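Here is how the chains run, residue by residue.
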Amino acid sequence: MFCLFGYRATFSILKVPMSADMGWSQAEVTLGYSFMMMFYAIAAFFCGMILDKWGTKPVYFIGAILGASGFYVTSLTQSLYAYYASYGILAGVATGMLWVSSTISIRKWYVGKNYAKMFGIAFMGAPMSQVIMSLFVKQALAGAEGDAWRAAMQVLGVLTLACLVVAGMLAKGNPEDYNMQAFGEMPQKSGKPEKVWAIREAFSTYPIWGAIFMFLTSMLAEFLVWTQVISYWTADLGLQLGEATNLYIIIGIVGIFSMPLMGIVADKAVARSSCEAQGRKKMLIFGPITGIVACAMLLLQTQTTFFLGAISCVIFAIYWAVVPGGVVGYAGAIYGRATLGKIWGLATLIVMGVGPFIGPLIGGYLKDSTGSYTYSIMFALASFVVSALLAASLPMTAEGKVSSMDDTPEAEAAAN
């Protein structure tokens, strides 16, 4: 998670000196990030199938090579198309593998009332990355001229390689490989094994599509904000790059604590619900609402109301702690663990192939066409509204059957 989100944490800072040094427009630079997310989506689908069979270990070792290469090779590029190829393909495949392998591995080991808390602990790597890597890049660029972004990327590549090699050494397979059961799994009253879903069968039901479109609209807004917010603060509000970076780092600092804390809140919501899917749904409604409030704070912020930007960052950290893990938890509650890798791999292909690709591109286009980043924030707010409405439409079961992890009288009553 630390390495995966290192790409997102650093891009918003590095794209400014990269654009100035290479003479590329903001839309051209941001398109490289969009290409990365497109290949991220493609890799996620195939990674899901690998994960169901062999676990995370081989995925992390492959990701170590590709992730390090994504930073290092990009630092050597001299043309726009070489940048698209190195950052788009190498970094995209690496990050797609890391996201699906990490999230699904957690779901395979922890379910029910244990899932969100453990996901929150693992997901702490993301805000840690946002703090550490953003501070590093800020320091590397301070007072530097020209192509200092190249040296920063090379060091980031070495760091990524080292971290992912360690991750690969520590990684485990699936619980069944060790004759174990997932932690937190509730006993099945029928004694039957959980349902094994075929891809076509799962994708002929509404829950997966509802989750996809809910996540997609949130991701469209989220990635637009992540890639444009520093530019919004510097270009539209007149803040210095150092001030804007400090604001951005607040998301990471708060996220280190909000990830596990919101995980505990989500698990309590599950415990107080009739079934796990209902508890996950409650949190998925709450998540985009926080995104709406955070965007509103950004739009109200001025050069002198620094505190509004800080509040928006705190709220964004809460959103970040709820939605990514919550939507995987909801899918797992509906479809079980046995084939969740390929189901969520295909879902990620759809979500990440559209939302994070189009979001940053829209942000760059709106800036180039209007001269302001304000319209990008407004677009993100509207997208969060749609996401909240879609979350409210999510059902509790697929095909009128309660998830095997919630085979309790209360869950059966909810399904009926």
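It should be noted that the structure appears before, not after, this text.
What you see is a predicted model, and the numbers here were worked out from it, not measured in a lab.

(A) Here's a closer look at a nonpolar patch on the surface. A grouping of F61, L161, V165, V166, M169 and L170 is seen on the molecular surface, where their side chains present a nonpolar patch of about 540 Å² in accessible area. Considering each element in turn, the nonpolar patch owes the most residues, five residues, to helix α7 (residues 148–170). Among the structural elements, V165 can be located in helix α7.

(B) Representation of the side chain of R107 in the model. Along the chain, R107 turns up in helix α4 (residues 80–109). With a relative accessible area of 0%, R107 lands in the buried category. Side-chain polar atoms of R107 contact the side chain of E276, separated by 2.7 Å.

(C) Inspection of the nonpolar core at higher detail. Grouped together as the largest cluster of nonpolar side chains are 124 residues, with contacts concentrated most on W99, W233 and W344. Here the element with the most residues in this core is helix α12 (residues 306–335); it accounts for 17 residues. Each residue touching W344, except ones within four places of it in the same chain, is listed here: W99, T103, I104, I208, F215, V327, V328 and A331.

(D) Spatial organisation of the pattern of salt bridges. Scanning the model with the defined rule gives five salt bridges in all. One salt bridge connects E201 with K195, and the closest N-O pair in it is separated by 2.8 Å. Residue class for E201 comes out partly exposed when judged on its relative accessible area of 25%. With a closest N to O distance of 3.3 Å, D267 and R280 form a salt bridge. Of this pair, D267 sits in helix α10 (residues 241–271) while R280 is found in helix α11 (residues 276–300), placing the two residues 13 residues apart along the sequence. Residue classification places D267 among the buried positions, given a relative accessible area of 7%. Judged by its relative accessible area of 2%, R280 is buried.

(E) Region of the structure containing the environment of Y206. Within the secondary structure layout, Y206 lies in helix α9 (residues 206–236). Considering only alpha carbons, one finds Y206 and L394, 188 residues apart in sequence, at a separation of 8.0 Å. Residues in contact with Y206, not counting those within four places in the same chain, are S393, L394 and P395. Of the polar contacts made by the side chain of Y206, one reaches the side chain of S393; its length is 2.7 Å.

(F) Up close: α9. By the largest-angle criterion, Q228 marks the main kink of α9, which is about 50°. Counting buried positions along α9 yields 25 of 31 residues, so the element is predominantly enclosed. Phi turns positive one or two residues past the end of α9, at G238, with a value near 80°.

(G) Spotlight on helix α3 (residues 57–75). Look at α3: 28 Å from first C-alpha to last across 19 residues, which is about the 27 Å you get at 1.5 Å a residue. The largest bend along α3 reaches roughly 25° and is located at S69. Turning to α3, its buried residues number three or more, namely V59, Y60, G63, A64, G67, A68, G70, F71, T74 and S75. Next to the buried residues of α3 lie α1 (2–22), α2 (26–54), α4 and α7.

(H) Structural context of the packing of aromatic side chains. A full pass over the atoms with the stated rule returns 25 aromatic pairs. Ring plane angle 40° and centroid distance 5.6 Å describe the contact between Y83 and Y84, whose orientation is recorded as tilted. Residue Y83 shares its accessibility class with Y84, and that shared class is buried. Site record: aromatic cluster; members linked through ring pairs are Y7, F11, W24, Y33, F35, F71, Y81, Y83, Y84, Y87 and F223. The residue whose ring lies beneath R107 is Y115, and the NZ or CZ to ring-centre distance is 5.0 Å. Its end group placed over the ring of W197, K195 keeps NZ or CZ at 4.8 Å from the ring centre.

Criteria and cut-off values
- Residues numbered from 1 in each chain as written.
- Predicted model: local features only at pLDDT ≥ 70, side-chain atom pairs only at ≥ 80, totals over all residues.
- Heavy atoms only, no water.
- Patch = residues over 30% accessible without salt bridge, like charges linked within 9 Å, V, L, I, M, F, W, Y side chains within 5 Å.
- Areas by Shrake-Rupley, 256 points an atom, 1.4 Å probe, with all protein chains shown as cover.
- Salt bridge = Lys/Arg side-chain N within 4 Å of Asp/Glu carboxyl O.
- Helix = DSSP H or I, 4+ residues; strand = E, 2+ residues; numbered from the N terminus.
- Buried < 20%, exposed > 50% of the residue type's maximum accessible area, 1.4 Å probe, protein only.
- Polar contact = N/O pair within 3.5 Å; in protein donor to acceptor, adjacent residues only side chain to side chain.
- Core = buried A, V, L, I, M, F, W, Y, C linked by side-chain atoms within 4.5 Å.
- Contact = heavy atoms within 4.5 Å.
- Bend = angle between axes of the 7 residues up to and from the residue.
- Expected span 1.5 Å × (residues − 1).
- Phe/Tyr/Trp six-rings, centres within 6.5 Å; stacked < 30°, edge-to-face > 60°.
- Lys NZ or Arg CZ within 6 Å of the ring centre and 35° of its normal.

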